[in-house]
Amino acid sequence: MAPKGYITKRLQFSACHRLNSIHLSVEENKKVYGKCNHINGHGHNYVVKVTLFGDIDPLTGMIINMTELKADMEKAIMIPMDHKNLDIDLVYFSDKPSTTENLAVFIWNAMKKTMENPDLLYEVEIEETENNSVKYRGE
């Protein structure tokens, strides 16, 4: 039985968004999201950490080649989101607010579609600011 391990790759991207729910009134959106509901939006330098869990291959000594993981993250995260407006450029957010929680779900789903072995995906963590982060494990 091969030993198992975790491997994490980190990247940073910049994007803007506006916290706003189409299911709430203008007044409710202002109350729930405060200054993050500003009509012109605001931006973040998001830090994303993708963690995989799996067997450590006895021949290569790796769970996955980091070059492959980097390419998967580029395709699933950087290309669709870096220097974009999340609310306008991603159809996913047309009917849901672009909260960090929903962003983590989006990235999870995008990674699952991109990876050759999606069963390795263990966790997506996003740091919206140095004080706020979200973790999602597909639950």
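Parameters and conventions
- Residues numbered from 1 in each chain as written.
- Predicted model: local features only at pLDDT ≥ 70, side-chain atom pairs only at ≥ 80, totals over all residues.
- Heavy atoms only, no water.
- UniProt positions renumbered as here; feature names shortened; annotations may be inferred.
- Pairing = 2+ DSSP bridges.
- Helix = DSSP H or I, 4+ residues; strand = E, 2+ residues; numbered from the N terminus.
- Contact = heavy atoms within 4.5 Å.
- Axes fitted to C-alpha atoms, helices over the stretch in contact; angles between N-to-C directions.
- Expected span 1.5 Å × (residues − 1).
- Buried < 20%, exposed > 50% of the residue type's maximum accessible area, 1.4 Å probe, protein only.
- Polar contact = N/O pair within 3.5 Å; in protein donor to acceptor, adjacent residues only side chain to side chain.
- Phe/Tyr/Trp six-rings, centres within 6.5 Å; stacked < 30°, edge-to-face > 60°.
- Lys NZ or Arg CZ within 6 Å of the ring centre and 35° of its normal.
- Salt bridge = Lys/Arg side-chain N within 4 Å of Asp/Glu carboxyl O.

Naming follows an unreviewed UniProt entry, where the protein chain appears as 6-pyruvoyl tetrahydrobiopterin synthase of Phyllotreta striolata. Its UniProt record gives the protein chain the following Cofactor (unreviewed entry) comment, quoted word for word: "Zn(2+)".

For the rest of this paragraph, the subject is the sheet that holds strand E1 (residues 4-17). The strands making up a sheet associate through backbone hydrogen bonding, with each pair oriented either parallel or antiparallel. Judged by pairing direction, the sheet is mixed, and its 5 strands sit side by side in the order E3-E1-E2-E4-E5 without closing on themselves. Either end of the sheet is taken by a strand with one partner, and the two such strands are strand E3 (84-85) and strand E5 (132-136). Bridge count for E1 against E3 is 2 bridges, and the pairing is parallel. Across the sheet, the residue bridging to Cys16 is Asn85, located in E3. Sitting on the sheet, helix H2 (residues 66-81) is in contact with E1, strand E2 (42-55) and E3, with an inclination near 20° to E1. Against the sheet, helix H4 (residues 100-114) contacts E1, E2, strand E4 (121-129) and E5, and its axis sits at roughly 145° relative to E4.

Under the 1.5 Å per step criterion, the end-to-end length of H4 is 21 Å for 15 residues, consistent within 8% with the ideal 21 Å. Every buried residue of H4 is accounted for by Thr100, Leu103, Ala104, Val105, Phe106, Ile107, Trp108, Ala110, Met111 and Thr114. Each element contacted by the buried residues of H4 is listed here: E1, E2, H2, helix H3 (86-89), E4 and E5.

Let's shift gears to the side chain of Glu128. As for its placement among the helices and strands, Glu128 is situated in strand E4. Here His44 takes part through its side chain, which lies 3.3 Å from a polar atom of the side chain of Glu128. A polar side-chain atom of Glu128 sits 3.0 Å from a polar atom in the side chain of Thr100. Filtering out sequence-adjacent residues up to four positions away, Glu128 remains in contact with His17, His44, Asn45, Tyr46 and Thr100.

For the rest of this paragraph, the subject is the packing of aromatic side chains. The relative placement of two aromatic rings is captured by the distance of their centres and the angle of their planes. The final tally for this structure, using the stated rule, is 8 aromatic pairs. Between Phe93 and Phe106, the ring centres sit 6.1 Å apart and the planes meet at 40°, which makes this aromatic pair tilted. Separated by 13 residues along the polypeptide, Phe93 in the loop between H3 and H4 and Phe106 in helix H4 bring together distant segments of the chain. The same class applies to Phe93 as to Phe106, namely buried. Feature note: the residues Tyr6, Phe53 and Tyr122 constitute an aromatic cluster, connected by ring pairs. Positioned above the aromatic ring of Tyr92 is the side chain of Lys96, whose terminal nitrogen or guanidinium carbon lies 4.1 Å from the ring centre.

Moving on, we get to the pattern of salt bridges. This structure, assessed with the given rule, holds 4 salt bridges. Note that Lys4 and Asp55 form a salt bridge whose closest N and O atoms lie 2.7 Å from each other. You can see Lys4 sitting in strand E1 and its partner Asp55 sitting in strand E2, a full 51 residues away along the chain. For Lys96, the salt bridge identified is with Asp95, shortest N-O distance 3.0 Å. The class of Lys96 is partly exposed, set by a relative accessible area of 24%.

Sheet topology note: the E4/E5 ladder contains 5 bridges and is antiparallel. Note that in E5 the partner of Thr129 across the bridge is Asn132. Remark: 2 residues form the turn of the hairpin made by E4 and E5, two consecutive strands paired antiparallel.

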